[in-house]
Amino acid sequence: MNGYGNQGGGSGQPGYGMNGYWNYPQPENKGQSIASLVLGCIGLVAWCIPLFGYPVTIVGLILGITGRNKGGKNLAVAGIILCIITLVLTLINSIAGVYMGLTGQLY
């Protein structure tokens, strides 16, 4: 223990951990959170064609939910919100397309 408190993790050497190496914090794994946010942004365009909108938003939603616990929580929440919005828009667009196709308003 020195004037700055116990910084050695019990080894008696300031700044060193139990194994003699510096204890650096592990970097957060934000890859899935960033991918969710990117797919949510892509989904804002892809909802116009439901064939592309559904896979993009569903994969983005899954990545956001799983990435929320691994790091980058704010990015994951933003991606989840964007994916939910675009999933609802895709669903409305596909329902409108089916309705218009069944009533003959497409041609």
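Residues numbered from 1 in each chain as written. Predicted model: local features only at pLDDT ≥ 70, side-chain atom pairs only at ≥ 80, totals over all residues. Heavy atoms only, no water.

**Here we look at the overall build of the protein chain**
In plain terms, the rule: Comment: elements are numbered from the N terminus, with helices defined as DSSP H or I runs of at least four residues and strands as E runs of at least two. Only protein chains enter the calculation, and the probe is 1.4 Å; a residue is then buried if its accessible area is under 20% of its type maximum, exposed if over 50%, and partly exposed in between. Residue contacts are defined here by distance: any two heavy atoms, one from each residue, within 4.5 Å place the two residues in contact. Only the protein chains shown count as covering a residue, and every accessible area follows the Shrake-Rupley method with a 1.4 Å probe.
For the protein chain, the count of helices and strands is 3 helices and 0 strands. In the protein chain, which comprises 107 residues, the proportion classed as buried is 24%. Looking at the protein chain alone, contacts between residues at least 24 apart form 60% of all its contacts between residues at least 6 apart. Entry remark: accessible area of the protein chain is about 7,400 Å², with carbon and sulfur atoms responsible for 69%.

**Focus: the packing of helix H2 (residues 50-67) against helix H3 (residues 73-103)**
Going by this rule: In this description, a line fitted to the C-alpha atoms serves as the axis of each element, helices being fitted only across the stretch in contact, and the angle between N-to-C directions of two axes falls anywhere from 0 to 180 degrees. Oblique is the label for any angle not covered by the other classes, which are roughly parallel (under 35 degrees), roughly antiparallel (over 145) and roughly perpendicular (65 to 115). Handedness of each helix crossing follows the sense of rotation of the near helix against the far helix: counterclockwise by less than a right angle gives left-handed, clockwise gives right-handed. Polar here means any residue other than Ala, Val, Leu, Ile, Met, Phe, Trp, Tyr, Cys and Pro, which are nonpolar, and Asp, Glu, Lys and Arg, which are charged; Gly is therefore polar.
Between H2 and H3, the least distance of the axes is 8 Å, while the angle of their chain directions is 155°. When the axis of H2 is compared with that of H3, the two are roughly antiparallel. Helix-helix and strand crossings are classified by hand; for H2 and H3 the assignment is left-handed. Contact residues: Pro-50, Gly-53, Tyr-54, Thr-57, Ile-58, Gly-60, Leu-61, Gly-64, Ile-65 and Gly-67 in H2; Ala-76, Ile-80, Cys-83, Ile-84, Thr-86, Leu-87, Thr-90, Leu-91, Asn-93 and Ser-94 in H3. For the contact of H2 with H3, a count of residues per class yields 11 nonpolar, 9 polar and no charged.

**Notes on the packing of helix H1 (residues 31-46) against H3**
Packing of H1 against H3 brings their axes to within 8 Å, and their N-to-C directions diverge by 25°. Comparing their axes, H3 and H1 come out roughly parallel. For the pair H1 and H3, the sense of crossing is left-handed. For the pair H1 and H3, contact is made by Ser-33, Ile-34, Ser-36, Leu-37, Gly-40, Cys-41, Gly-43 and Leu-44 and by Leu-75, Ala-76, Ala-78, Gly-79, Ile-80, Leu-82, Cys-83 and Thr-86, respectively. Of the residues that constitute the contact of H1 with H3, the class distribution is 10 nonpolar, 6 polar and no charged.

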